[in-house]
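# Working through the structure, step by step
This is what each chain is made of:
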Amino acid sequence: MNIETILLLIPLLPLLGCLVAGLFRHQVGRAGAHWVTILAVAGSFVLSSYVAWEVFFNDLPVLNYSVYAWAITDGIRFEIGFLVDSLTALMMVVVTFVSLMVHIYTIGYMHEDDGYQRFFAYINLFTFAMLMLVMANNFLQLFFGWEAVGVVSYLLIGFWFKKDSAVKANLKAFLVNRIGDFGFLLGIGAILLYMGSLDYAEVFAATPAVEGQTISILGGMEWQVMTFICICLFIGAMGKSAQVPLHVWLPDSMEGPTPISALIHAATMVTAGIFMVARLSPMFEASVTALSFILIIGAITALFMGLVGIVQNDIKRVIAYSTLSQLGYMTVALGVSAYSVAIFHLMTHAFFKALLFLAAGSVIIALHHKQDMRQMGGLSKYMPITAATAWIGSLALIGFPFFSGFYSKDLIIEAVKLADRPGVAFATFAVYAGVLITALYSFRMLYLAFHGPTRMDEETRSHAHESPWVVTIPLILLAIPSVLIGYFTVVPLLFGGAMADSIIVREAHDVVAQLAYKFENGPFAFGLHGFVTPVFWLAMTGVAIATYIYLFNPGLAETIKQRLLLVWKILDKKYGFDELYQNVLTAAGLKVASGLSRGGDRFLIDGLIVNGSARVVGKLAGVMRHLQSGFLFHYAFAMIIGLVAIVASFVLLR
Amino acid sequence: MFDWPLLSLLIWIPIVGAVLLAAIGNRMPHLVRPLALATALLAFVLSLVVYAGFDASTSAMQFQEKAVWIAAFDIHYHLGIDGLSLPLILLTTLIGVLVIIGGWTITDRAHLYMGAFLVLQGLMVGMFAALDALLFYVFFEAMLVPMFLIIGIWGGPNRIYATIKFFLFTFFGSVFMLIALIWMYLQGGSFAILDLHQLPISLSAQIWIFLAFLIAFAVKVPMWPVHTWLPDAHVEAPTGGSVVLAAVMLKIGGYGLIRFSLPIVPDAAAELDWLVIGLSLVAIAYIGFVALAQSDMKKLIAYSSISHMGFVTLGLFLTFAILRNTGELTGAGLGISGAMVQMISHGFISGAMFLAVGVLYDRVHSREISSYGGVANTMPWFAMFAVLFFMANSGLPGTSGFVGEFMVILAAFHANFWFAFVAALTLLLGAAYSLWLVKRVFYGEVANDNVAGLKDLGKREWIMLTVLAVLVLGVGVWPYPLLEMMEASVQNLVEHIVVSKLN
């Protein structure tokens, strides 16, 4: 098989799997559906790994080619094509690996569900769409993948479509994402106008010529074209990667089954925005204004969403807010031009966050779909593997030295400190404070779920036990990279030039290169040094607070809550974004809609003009009808009047 | 067989079929449906033959047929097609087959019902193929009659109001067109459309003619604010009537603008493009909101149609604004091709959505959204199709609904940022009203006994929805053939309309 066939097979295998499992769900049955889809994803994973091997170890040159011409019109070629370089290869492996783990896990998680085949079809379809997104070599295909993953996310959040909360959440997710896509599409419009192409390579080549041009939007305000384009594109990323204020859909997306929370709403789809900015680094480098905007949005998300995570009681929602906060970290890294570090954190986060979600899912299976941590506690005795892997995931999340998250998060913080552009001061504060907060909510979750006295009722406790192997094996397989992947890949990926072919940073912005000296003695020395940094002690403070409150002094949480009731209420209300959107914006939109429908269409156009003119004609006709009474003397009388009038007019006018 | 009078066959075969149906219908009712289907299929196959023989590399008229019709006024029976009319003819014959299949269960005077659709189809093809303005006008008006009958006889309870509104609106518009045509005949001595394309006309006259055409075609599109006949007509029309109305008849307005307004009076179009663009943007945004407020599924889809047709009129009239803004023509063809694709795609999607409403209406006899809820529980396959079509309606990439809107929005950005901005609002509004309907009708617990008793799709319904689903996805994944068909004609049109006809 040549490389192009392989690359074509990688997305098409899951698409095929989806069609078989979805359209022939009755013919293949439950086992058939999971075999077909798992084999498809496994095939994709193997082939992706092969491609990654070729890219990273055999120096496969960057591949950039068209698969077919989607449309040629008006001198513009719209193509479907692949760009395969280090960034693509990395993403392909991450996506297919996590997807494979989730597929296997699903056998255990969904085994009682009526929609078993449908679920497998959806996650196969998702894998296809995500691969199309990361492999794209142009904006058209990027947008296709972008919206396609959104649709599958919509279908999966609403997978249990009988639940009202689920179908509310999926509509919300889709519409909020569409706000982002609105910006994204305008950005694409600007790209075509100013660069004359939608092909990445051609657009990058045209970027220097566009730099310095301005666009006038409102009145006399002149925008740098590159700033305009980058901010528009980033608005798309804000929707997909759930950055404030377009983050509101992600916590609600937890209505979907847990496997997809792990796959779509933690590891892959929500990182599409991060990936997009990194992929388009040559463009974003051209606008420091846009990067500052990104930096500030990311910092806000990292800090404030982490805070909300502290007060959540639903185990999945804690992890969801944690995901928001970590996406904020990645965005911050993008904002300081540390694209490769953002991608590095994306990768480590994909493993440990998928792990945390799947561990939470394992708990949820054991407790028969109870998700409230206030009714858990002491679960480590019943499910040791789940507890151990949850610990590993949490340690990686808080950035404990040598765990994968340690390398990626520490480097983000270091990069922010070195950067020099508006917003850095706030971002520095946010990422430091975020470390403490992360440790606090992570260990709060660990203790509430797995340790301390149990708060389960007798019935739940009686059937709480470790999950079957289809669940625990993926946990273990995800735990391994959660520990090791940072240690082994940090130097080659970030400082060995492995991503030099895909991520372009201007020299003046290149904070990552300035960090290389820290790794002169290798990742081990860096890890050891990690124990004496302020970041470590911040994290330990968070752990200590969580340990004291949730393990030793459970009453204290309530006391603090009462003392800081206002703060707690703000956090519990999630700063009121939902209320604002629901009660103000949505309500206003619906008011406008019914106002226009009733006042504009039915009253003004139809009522006054259309039927009004019909009535006028009717009235006129009514009057005229009286003239035709049928009585001869009426007509005779009218004739005489008429004659008199004519004669009179002749006489008078003469 | 390309030298046969294929276009005439496409027009007259369905009409002859209809006459046959009317003649034998009462005596041999069992033959009605097979005969109707055979006629429609034959026409469809012939249209494919035309497609096979079509040369996409030229913008010249092909398959021309010409015969003197009324010698005294130099009126000809003159037919011919280019890349702008062929896609619409293919759409017409395809939808023709689908409505016959869709009307399979009609029992009330089935032979007349199917006959009316066949006549309508023949007339519509004739209108798309006419190269003589008066011939066009005759088809344009004659078409009203079968549709009038379809709604008036097989329609809902309020059908009289709807038919009269429909008839008066469209008739009102077309009278102005006739006056314009006669005026031009007196000036240039010809009714041939291609002659009119070359006829020099002064600016003030052009503006009057432009407005006359605009009234005629705006009603058909329909553009805001002459759109209110459409929701009423749809609500009262039987399913097949709605399908043809939305899928094909609305395209006549767009086709008229391409064939008459732009090339015959380009200077007036350049002067007054702000009017059309403004009305189009109002349609996209305003009507998008109005759609959101509907409680009747057919009304919602009707408003959605108006909003989507806003992209057609917007795309068609971007050329001059692009030229003014950038000084170049790049993007002008994109807008016009986008408008064409939008017409075809809307044909598939709106047709499919009205069929879907028909599927529910046949079972429950209600079009109210509130009569449903949780339909996905009892009709999972149907729900799959419905989600696909409503997603396509909200412009999902990978479906045909995306292609035209995407192209028009990109082109609009070349003209003015705010055009693109308002047009792109459809991303939100389209998704909101489409998916909110899906949520209320298909998701949730089974709402009532009617829904609980629903049976999933029958074979006939499977066929119709599958055909449309394949087309919606096919055009979305590979619009290349469709665009290739029209490219030469679109480029020719753009070059033509930027040359002044004033001298």
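Conventions and cut-offs
Residues numbered from 1 in each chain as written. Chains lettered and ligands numbered in written order. Predicted model: local features only at pLDDT ≥ 70, side-chain atom pairs only at ≥ 80, totals over all residues. Helix = DSSP H or I, 4+ residues; strand = E, 2+ residues; numbered from the N terminus. Rg over C-alpha atoms; globule rule 2.2 N^0.38 Å. Buried ≥ 20, exposed ≤ 12 C-beta atoms within 10 Å, placed from the backbone. Contact = placed C-beta atoms within 7 Å. Pairing = 2+ DSSP bridges. Axes fitted to C-alpha atoms, helices over the stretch in contact; angles between N-to-C directions. Parallel < 35°, antiparallel > 145°, perpendicular 65-115°, else oblique. Left-handed = near helix turned anticlockwise from the far one by under 90°. Nonpolar A, V, L, I, M, F, W, Y, C, P; charged D, E, K, R; others polar. Expected span 1.5 Å × (residues − 1). pLDDT = per-residue confidence, 0-100. Core = buried A, V, L, I, M, F, W, Y, C linked by C-beta atoms within 7 Å.

### A look at the overall build of chain B
If you tally the helices and strands in chain B, you get 23 helices and two strands. Expected size for 503 residues packed as a compact globule is a radius of gyration near 23 Å; at 22 Å, chain B falls within 12% of this value. When the 503 residues of chain B are sorted by exposure, 63% land in the buried category. For chain B, restricting intrachain contacts to residue pairs at least 6 apart in sequence, the fraction spanning at least 24 positions comes to 82%.

### Observations concerning the overall build of chain A
What chain A contains, in helices and strands, is 27 helices and four strands. The C-alpha extent of chain A, read off along each of the three principal axes, is 120 × 65 × 60 Å. Out of the 654 residues in chain A, the part that is buried amounts to 55%. In chain A, of all internal contacts separated by at least 6 residues, the share reaching a separation of at least 24 is 80%.

### Quick word on helix 11 (residues 272-279) of chain A
Of all eight residues making up helix 11 of chain A, eight are buried, and the element is well covered by its neighbours. Along helix 11 of chain A, the residues classified as buried are Ala272, Gly273, Ile274, Phe275, Met276, Val277, Ala278 and Arg279 of chain A.

### Concerning the pairing of strand 2 (residues 75-81) of chain B
All names here are of chain B. Burial analysis of strand 2 places five of its seven residues in the buried class, the great majority of the element. Taken together, the six bridges between strand 1 (residues 62-70) and strand 2 define a ladder with antiparallel strand orientation. Looking at the pairing, Lys66 lines up with His78 of strand 2. Counted between consecutive antiparallel strands, the loop separating strand 1 from strand 2 contains four residues, among which Asp74 sits at a positive phi close to 60°.

### Describing the packing of helix 3 (residues 86-102) of chain B against helix 22 (residues 459-477) of chain B
Residue and element names in this part refer to chain B. Close contact between helix 3 and helix 22 brings their axes to 10 Å; oriented N to C, the two are set at 160°. Taken together, the axis directions place helix 3 and helix 22 in an arrangement best described as roughly antiparallel. In the packing of helix 3 onto helix 22, the handedness of the crossing is left-handed. Residues Leu98, Ile101 and Gly102 of helix 3 touch helix 22, and the partners they reach there are Arg460, Ile463, Met464 and Val467. Here the residues of the contact of helix 3 with helix 22 sort into five nonpolar, one polar and one charged.

### Considering the interface of chain A and chain B
Between chain A and chain B, the contact holds 43 residues from the first and 42 residues from the second. Residue composition of the side of chain A that touches chain B, by class: 28 nonpolar, seven polar and eight charged.

### Structural notes on helix 22 of chain B
Across its 19 residues, helix 22 of chain B extends 26 Å between first and last C-alpha, which sits within 8% of the 27 Å expected from 1.5 Å per residue. Structurally, helix 22 of chain B contributes buried residues whose contacts are with helix 3, helix 15 (332-364), helix 17 (380-393), helix 18 (400-415) and helix 23 (480-497) of chain B.

### Remarks on the packing of helix 16 (residues 384-398) of chain A against helix 18 (residues 424-450) of chain A
Residue and element names in this part refer to chain A. Viewed as axis vectors pointing N to C, helix 16 and helix 18 meet at an angle of 170°, and their least axial separation amounts to 9 Å. When the axes of helix 16 and helix 18 are compared, the pair comes out roughly antiparallel. Here Ala387, Ala390, Trp391, Ser394, Leu397 and Ile398 of helix 16 lie close against helix 18, whose contacting residues are Thr438, Ala439, Ser442, Phe443, Leu446 and Phe450.

### Topic: the confidence of the model for chain B
Within chain B, residue pLDDT values average 90, and 99% of them lie at 70 or more. For this predicted complex, the interface score ipTM comes out at 0.92, alongside a pTM of 0.92.

### Observations regarding unusual backbone geometry
Note the cis peptide between Val244 of chain A and Pro245 of chain A, where omega equals 5°. Tracing the chain through its elements places Pro245 of chain A in the loop between helix 8 (225-240) and helix 9 (249-252). A cis amide bond links Val221 of chain B with the next residue in sequence, Pro222 of chain B, at an omega value of -15°. The phi dihedral of Asp59 of chain A falls on the positive side, at around 50°, and the residue is not glycine. With respect to the helices, strands and loops of the structure, Asp59 of chain A is situated in the loop between helix 2 (25-57) and strand 1 (63-73). Residue class for Asp59 of chain A comes out exposed when judged on the 8 C-beta atoms lying within 10 Å of it.

### A look at the nonpolar core
Across soluble globular proteins, you tend to see nonpolar side chains buried next to one another. One finds Ala354 of chain A together with Ala423 of chain B to be the most contacted residues of the largest nonpolar core, which totals 457 residues. Among the elements that make up this core, the one with the highest residue count is helix 15 (residues 339-366) of chain A (20 residues). Setting aside its immediate chain neighbours within four residues, Ala354 of chain A contacts Val98, Met101, Ala262, Leu263, Ala266, Ala267 and Leu478 of chain A.

### Details of the environment of Leu620 of chain A
All names here are of chain A. Structurally, Leu620 is set in helix 26 (residues 577-627). For Leu620, a count of 10 C-beta atoms within 10 Å translates into the label exposed. The spatial distance from the C-alpha of Leu620 to the C-alpha of Leu125 is 64 Å, given a sequence separation of 495 residues.

### A short note on the environment of Met276 of chain A
Residues and elements named next belong to chain A. As for its placement among the helices and strands, Met276 is situated in helix 11. Overall, Met276 belongs to the buried group, with 25 C-beta atoms counted inside 10 Å. Sequence separation between Met276 and Ile365 is 89 residues; the distance between their C-alpha atoms is 35 Å. If near-sequence neighbours (up to four positions away) are discounted, Met276 is found in contact with Leu142, Leu233 and Ala237.

### Side note on the environment of Leu12 of chain A
All names here are of chain A. Among the structural elements, Leu12 can be located in helix 1 (residues 3-23). Look at Leu12 and you get partly exposed, because 16 C-beta atoms sit within 10 Å. Each C-alpha atom, one on Leu12 and one on Ile343, is 25 Å from the other, the two residues being 331 residues apart in sequence.

### Quick notes on the pairing of strand 1 of chain A
One ladder, built from nine bridges, connects strand 1 of chain A with strand 2 (residues 76-84) of chain A; its direction is antiparallel. Bridge pairing links Ile72 of chain A to Arg77 of chain A in strand 2 of chain A.

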